[in-house]
Amino acid sequence: MWYVLCIIVASAAGAFLGYLYRKSIAEAKIGKAEQEAARLLEEAKREAEAAKKEALLEAKDEIHKLRNEFEKESRERRNENQRMERRLLQREEVLEKKADALDRREEALNKRQKDIEKLEEEVSQLHDRQLAELERISGMTIEQAKEMLLASIREDVEHDAVTLIRDIENRAKEEADKKARVIVANAIQRCAADYVPEVTVSVVPLPNDEMKGRIIGREGRNIRALETATGIDLIIDDTPEAVILSGFDPIRREIARMALEKLIIDGRIHPGRIEEMVERSKKELDVKIKEEGEQAAFEVGVHNIHPEIIRLLGRLKYRTSYGQNVLKHSIEVALLAGAMAAELGADVAIAKRAGLLHDIGKAVDHEVEGPHVQIGVDIAKKYRENPAIIHAIAAHHGDIEPTSVEAVLVQAADAISAARPGARQETIEAYLKRLEKLEEIANSFAGVDKSYAIQAGREVRIIVKPEMVSDADAMRMARDIVKRIEKEVEYPGQIKVTVIRESRVVEYAK
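Bear in mind the structure is a predicted one, so any value in this text is a computation, not a measurement.

1. Points about the overall build of the chain
Then comes step 1: Helix and strand counts for the chain come out as 14 helices and 8 strands.
Then comes step 2: Within the span of the chain, comprising 510 residues, buried residues form 29% of the whole.
Then comes step 3: Within the chain, contacts between residues at least 6 apart in sequence are counted, and of these 61% link residues at least 24 apart.
Then comes step 4: With the model as given, the accessible surface of the chain reaches about 34,900 Å², and the carbon-plus-sulfur share is 55%.

2. With respect to the sheet that holds strand 6 (residues 448-454)
Each strand in a sheet pairs with its neighbour through backbone hydrogen bonds, running either in the same direction (parallel) or in the opposite one (antiparallel).
Then comes step 1: Taken in spatial order, the 3 strands line up as 6-7-8 in an open sheet, and their pairing is mixed. In this open sheet, the two strands that pair with only one neighbour each are strand 6 and strand 8 (496-500). Put simply, the sheet's adjacent strands are angled 15° from each other on average, direction ignored.
Then comes step 2: Relative to the sheet, helix 14 (residues 471-488) contacts strand 6, strand 7 (459-464) and strand 8, its axis offset from that of strand 8 by approximately 150°.

3. Examining unusual backbone geometry
The general pattern is negative phi for most residues beyond glycine and trans for most peptide bonds.
Then comes step 1: For N304, which is not glycine, the phi torsion reads 55° and is therefore positive.
Then comes step 2: Among the structural elements, N304 can be located in the loop between helix 6 (271-300) and helix 7 (307-315).
Then comes step 3: The backbone of R384 shows a phi angle near 55°, a positive value even though the residue is not glycine.
Then comes step 4: Within the secondary structure layout, R384 lies in the loop between helix 10 (372-382) and helix 11 (387-395).

4. Examining the packing of helix 5 (residues 250-266) against helix 6
Then comes step 1: Between helix 5 and helix 6, whose axes approach to 8 Å, the crossing angle comes to 125°. What the angle tells us is that helix 5 and helix 6 run oblique. Viewed along their axes, helix 5 and helix 6 form a crossing whose handedness is right-handed. Contacts between helix 5 and helix 6 pair I251, E254, I255, M258, A259, K262, L263 and D266 from the former with R273, I274, M277, V278, R280, S281, K282, E284, L285 and K288 from the latter.

5. A short note on the pairing of strand 7
Then comes step 1: In this structure, strand 6 lies alongside strand 7, joined through 6 bridges in antiparallel fashion. Across the sheet, residue Y452 finds its bridge partner in strand 7, namely R461.
Then comes step 2: As defined by bridge partners, strand 7 adjoins strand 8 across 5 bridges and the pair is classed as parallel. The residue bridging V460 from the neighbouring strand is V497, located in strand 8.

6. Some details on a negative patch on the surface
Then comes step 1: On the surface, a cluster of negative charge is contributed by E92, E93, E96, D100, D103, E106 and E107.
Then comes step 2: For E96, the position within the fold is in helix 1 (residues 2-138).
Then comes step 3: Given a relative accessible area of 46%, E96 falls into the partly exposed group.

7. Thoughts on the pairing of strand 3 (residues 242-246)
Then comes step 1: Here strand 3 lies mainly inside the structure; 4 of its 5 residues are buried.
Then comes step 2: As paired strands, strand 2 (residues 233-235) and strand 3 are joined by 3 bridges and run antiparallel to one another. Residue pairing for strand 3: D233 is matched across the bridge by S246.

8. Here we look at the nonpolar core
Then comes step 1: The biggest cluster of nonpolar side chains holds 42 residues, and the ones touching the most others in it are I305, I309, L313, L316, L356 and I379.
Then comes step 2: Mapped onto this core, the elements with two or more residues apiece are helix 6, helix 7, helix 8 (326-344), helix 9 (348-357), helix 10, helix 11 and helix 12 (405-419).
Then comes step 3: If you tally residues by element for this core, the top one is helix 8, at 9 residues.
Then comes step 4: Every residue in contact with L313, bar those within four places of it in the chain, is listed here: G293, I305, L327, L356, L357 and I360.
Then comes step 5: The next biggest cluster of nonpolar side chains, apart from the first, holds 26 residues, and it includes I223, L234, I251 and I255.

9. Describing the pattern of salt bridges
Then comes step 1: Throughout the structure, instances matching the rule amount to 18 salt bridges.
Then comes step 2: Close ionic contact of K262 with E284 constitutes a salt bridge, the shortest N to O distance being 2.9 Å. Remark: E284 occurs in helix 6 and K262 occurs in helix 5; sequence separation between them is 22 residues.
Then comes step 3: Of the residues examined, K262 reaches a relative accessible area of 21% and is grouped as partly exposed.
Then comes step 4: Taking the relative accessible area as the measure of exposure, E284 reaches 33% and is therefore partly exposed.
Then comes step 5: With a closest N to O distance of 2.9 Å, E459 and R461 form a salt bridge.

Reading the values: the criteria
- Residues numbered from 1 in each chain as written.
- Predicted model: local features only at pLDDT ≥ 70, side-chain atom pairs only at ≥ 80, totals over all residues.
- Heavy atoms only, no water.
- Helix = DSSP H or I, 4+ residues; strand = E, 2+ residues; numbered from the N terminus.
- Buried < 20%, exposed > 50% of the residue type's maximum accessible area, 1.4 Å probe, protein only.
- Contact = heavy atoms within 4.5 Å.
- Areas by Shrake-Rupley, 256 points an atom, 1.4 Å probe, with all protein chains shown as cover.
- Pairing = 2+ DSSP bridges.
- Axes fitted to C-alpha atoms, helices over the stretch in contact; angles between N-to-C directions.
- Parallel < 35°, antiparallel > 145°, perpendicular 65-115°, else oblique.
- Left-handed = near helix turned anticlockwise from the far one by under 90°.
- Patch = residues over 30% accessible without salt bridge, like charges linked within 9 Å, V, L, I, M, F, W, Y side chains within 5 Å.
- Salt bridge = Lys/Arg side-chain N within 4 Å of Asp/Glu carboxyl O.
- Lys, Arg positive; Asp, Glu negative; His and termini not counted.
- Charge placed at Lys NZ, Arg CZ, Asp CG, Glu CD.
- Core = buried A, V, L, I, M, F, W, Y, C linked by side-chain atoms within 4.5 Å.

Rendered as structure tokens:
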């Protein structure tokens, strides 16, 4: 027990002694650290003082350097200012000298101006005296002399101008005639075409003469059915192996020809089959008509035509005028008008389109009342054609006065195409007789002075004596002449009757 107590006491004493020893050591380290800190602080102060002194010295050096540079720059600026001041003084002296010279020159000019004004005044007085002397000598005032001089000059100039204008017009007419002949000749050569006159009958070949009896049928029922369905007369005569179809409507005649050929190939000929073949031929012909119209437009180079007008163009293939195929005639007119328009610098597209459509009224003139020109104008208006095209159609037979180059070209191309040798089948004798008959009818009326059949017999112009025929009489005469022509003359298309009543006063300068 006491042993344990001794150990506890000894441990406590050891711990206390250790504590005292550590405390003494710590106090010794703290003192040493404080001494070291004081030493470091002293050294830092000494270094700071040294750096401060060094910075002050450097600042003083920099200030001294900047002061020297500033003084140097100031001296240079003063020197430059002095040089500029001297230069400005020199310029000022030069300007003063120039100003003095200008003042002297201005004085000289003012003096010269006064001298000139004085001379002008003297000249004006002398001019007035001379004019007064001239007026006294001539016995006329200045205005009267001016008027006389101007009148003389005007008379000479007008005479020369009239002469010059007449010479220019004569030369222009000569050149225009020559150029027109060349243009027309070139157009005709470029659009040369062969013509085969077409007639109002069609011939259908038969494989043998026995087929004629089958076409006639029992008691003629087949031929009657065919004629009723087509409106065409079938002529079955002694012509070997052939049947003749006769009719004024070429479209009906073509339908009959197509139907008869199908019936001959098929071999089954009876009224029911005839009606079926006629209907089929009508549909095929409608397609063919459209194709012909499209081909004509393509051949001429005219596009964007209304489909209904295309169909009417195709119908013209089966329409003839004096034996001339109207579609071929329209194509040729379009090509001729386009060629001449290109030579003259006119609108080629309008000339071609108007040439192609100028006879479009003939496609339906047997269905619609009126002349083909008016029918064509109505069709063109209905399908909204260009006003220039409508005008060319209306003017192509001279019913109205053409107001555009293209209309004149279509009129000329129409006449050229119709006048080609072989284009139309009418004989010269019949043509001349018709013209003579027209003039004879016109001359038979009282008061007629002169009459002329023009436009290839399509128009009669009658000049009456104004003292014998009044305006009302002229209207009545035109109507009576039309009635006599319709009654006594056979003619295609229409004939325009124009009665002209005018008064003329003629005097001669001798």
